[in-house]
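The residues making up each chain are set out below.
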Amino acid sequence: MNTRDDAVLEARDVTIRYGEQAAVKNVNLSIYEKKITAIIGPSGCGKSTLLRSLNRMNDFIEHVTQDGEILYRNTNLYGEGVDPVEVRLHMGMVFQRPNPFPKSIFRNVAWGPTINGLPGDINLRVERALKQAALWNEVKDRLNDSALNLSGGQQQRLCIARALAMEPEVILMDEPCSALDPVSTSRIEDLLFELKQNYTIVIVTHNMQQASRVSDYTAFMENGSLIEYGDTDQVFTRPKQKRTEDYVTGRFG
Amino acid sequence: MKTSPSSNGESLGHRSASLRRRHLIAALFKALCIGFTLFAVSVLGLLIAQVGADGLPWLDTQFLNNFPSRFPEKAGIKSALYGTLWVVSLTALIALPMGVLAAIYLEDYAPASRLTRVIEINIANLAGVPSIVYGILGLAIFVRFFGLERSVLAGAMTMSLLILPVIIISSKEAIRAVPSSIRLAAYAVGATQWQVVRSHVLPAAIPGILTGVILALSRAIGETAPLIMIGALTYVAFTPEGPMDEFTALPIQIFNWASRPQAEFHELAAAGIIVLLVVLLTMNALAVFIRYKGTQK
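Notes on the structure in this doc start here. Residues take numbers from 1 onward in each chain, read along the sequence in its written order. Just so you know, chain letters begin at A and ligand numbers begin at 1, following the order they were written in. Residue-level local features of this predicted model are given only where pLDDT is at least 70; pairs of side-chain atoms are given and counted only at 80 or more, and the full residue set underlies all totals for whole chains, interfaces and linings. In computing side-chain values, all of the structure's heavy atoms are included and hydrogens and water are not.

Considerations on the sheet that holds strand S5 (residues 75-76) of chain A
Remark on secondary structure: sheet strands pair via backbone hydrogen bonds, oriented parallel or antiparallel. All names here are of chain A. Read from one edge of the open sheet, four strands run S2-S1-S4-S5, paired in antiparallel fashion. Strands at the two margins of the open sheet, each flanked by one partner only, are strand S2 (21-32) and S5. For two strands to be treated as a pair, DSSP must find at least two bridges joining them. Secondary structure elements are taken from DSSP: a helix is a run of H or I of four residues or more, a strand is a run of E of two residues or more, and numbering for both begins at the N terminus. Examined bridge by bridge, strand S1 (residues 7-18) and strand S4 (residues 64-72) share eight bridges and lie antiparallel to one another. Considered in S4, the bridge of Ala11 is made with Ile70.

Here's the deal with unusual backbone geometry
Residue and element names in this part refer to chain A. At His63, a position not held by glycine, the phi torsion is positive, near 65°. With respect to the helices and strands, the residue His63 is situated in the loop between helix H1 (47-53) and S4. At Arg73, a position not held by glycine, the phi torsion is positive, near 45°. Here Arg73 lies in the loop between S4 and S5.

Focus: the interface of chain B and chain A
Here, residues are in contact when the closest pair of their heavy atoms is within 4.5 Å. Counting from both sides, the interface comprises 16 residues of chain B and, opposite them, 20 residues of chain A. Buried area counts how much accessible surface, traced with a 1.4 Å probe, disappears from two parts once they are put together, with both parts' losses summed. Each partner contributes to the roughly 1600 Å² buried at the junction of chain B and chain A, and carbon and sulfur atoms together form 70% of this total. By definition, a salt bridge exists where a carboxyl oxygen of Asp or Glu is found within 4 Å of a side-chain nitrogen of Lys or Arg. For the pair chain B and chain A, the number of links is zero salt bridges. For the purposes of these results, a polar contact is taken to be a pair of N or O atoms within 3.5 Å, where, inside protein, one atom must be able to donate a hydrogen and its partner to accept one; residues adjacent in sequence count only when each atom of the pair is a side-chain atom. Linking chain B with chain A are five residue pairs in polar contact (both at pLDDT 80 or more), by the criterion used here. For the side of chain B that touches chain A, the secondary-structure elements that each account for two or more residues are helix H7 (180-188) and helix H8 (193-222) of chain B. No other element matches the seven residues that H7 of chain B contributes to the side of chain B that touches chain A. Under the scheme applied here, ten amino acids are nonpolar (Ala, Val, Leu, Ile, Met, Phe, Trp, Tyr, Cys and Pro), four are charged (Asp, Glu, Lys and Arg), and all others, including Gly, are polar. Partitioned by chemical class, the residues of the side of chain B that touches chain A number 10 nonpolar, six polar and no charged.

As structure tokens, then:
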């Protein structure tokens, strides 16, 4: 593993349980700055649960308990006195299904910065975020239209713009293309390469081609355990674990 | 006419007995639905026509501006109309914030504990309690214990008790219908719970909440039993000036007239019913208007 990269996030012995059932077991994982880290694995392997623990979205699920630490620049996200709202200012999130607010395109992007009182001109901020999300040209003349009139792919890019407008350090993406058609998917993949210049990205996907195309690092999970983690090239071409090899070559899953 | 694809290569146009029977059942069901709808609508139409025929001749400004009287030609509905407007407005002021806030708490804040479940079940049960029971409660607590006497306030508080369960249940449904993905999206851009509720949950739920509130208030307008129980069945020849004044209400006045032997008073009751219906329809129209405004943004 490349040690020159700085770890932004570090999961240490993370175990996450739904009631008695452990969904994530003893995972140790480092997320590196301005890289794309893909988490792959079969359905129900705990990859989304692990992702949600990185911005404390599991707080909203009943009966979830978590052991271990998640360090963000050496601060434990689950330590005492850490405000989950503040955590989410640093970790933006894009969800599996596009979930724009039922409001105008502009308000979708502007709402987060406004309620958090982020500095600077809000119009410029919205424009910048929409440009970064490669959506500006399609919506610049109808910023006051309802976001619900956009196509699915446009809605997902709007959701990315919504996250970008907060200027987070990390962007967490939970299968962001699973509800999209191939054209929209490839647009978002192109977008990821652009975003990598400025942001650290963690993407959960069960599309292995996508993981191998876009990511720098790949983590393979199965039944809640992290089976293998390393350079994407290595994981896909010279996996160290038999089970990883079986999965990435499509022998199961 | 739609026909099912035939699998055995026969040409179309030979509908089997089974398919014919299924089409027949479909047609019968449709006819049944139309029949019952027509029945309900025509009963309603008949009622309105009857009431209109009896009451419309009596409906004039004098009827609206006069107080009740022993002489039918002098009798009016002013005190009852004002009393109803006072009670309904105060009831809305009390029950709406209380009910909506309780619903928000139960849906978005309360832990999913056994206590919460017990509370929710009890609220659902309260919605089914006969209104006379609320009247007894209002009499004991508001009229006697708090010494509010037979005031508009006592009436409004009793009515609030009566409709709170309905408001809470319908508001809870409306709030629950707001997709959790919207809430999560808001949290993900660093919103606090209050901001999520204020900017996303409430705006999306307000049409549903309003529908429930209007239904509940409509029920309050028509309720007679609890008001009789707290002593509003009296001769009141003035309009309430404040929440502590005595009052009477439209359904009580209607009941009063309808129970007299003279035919003129029965027609006055019909005229009162028309006034009650107009108040009700105005409130419904207001709710539709607010909903429309709400969905515009």
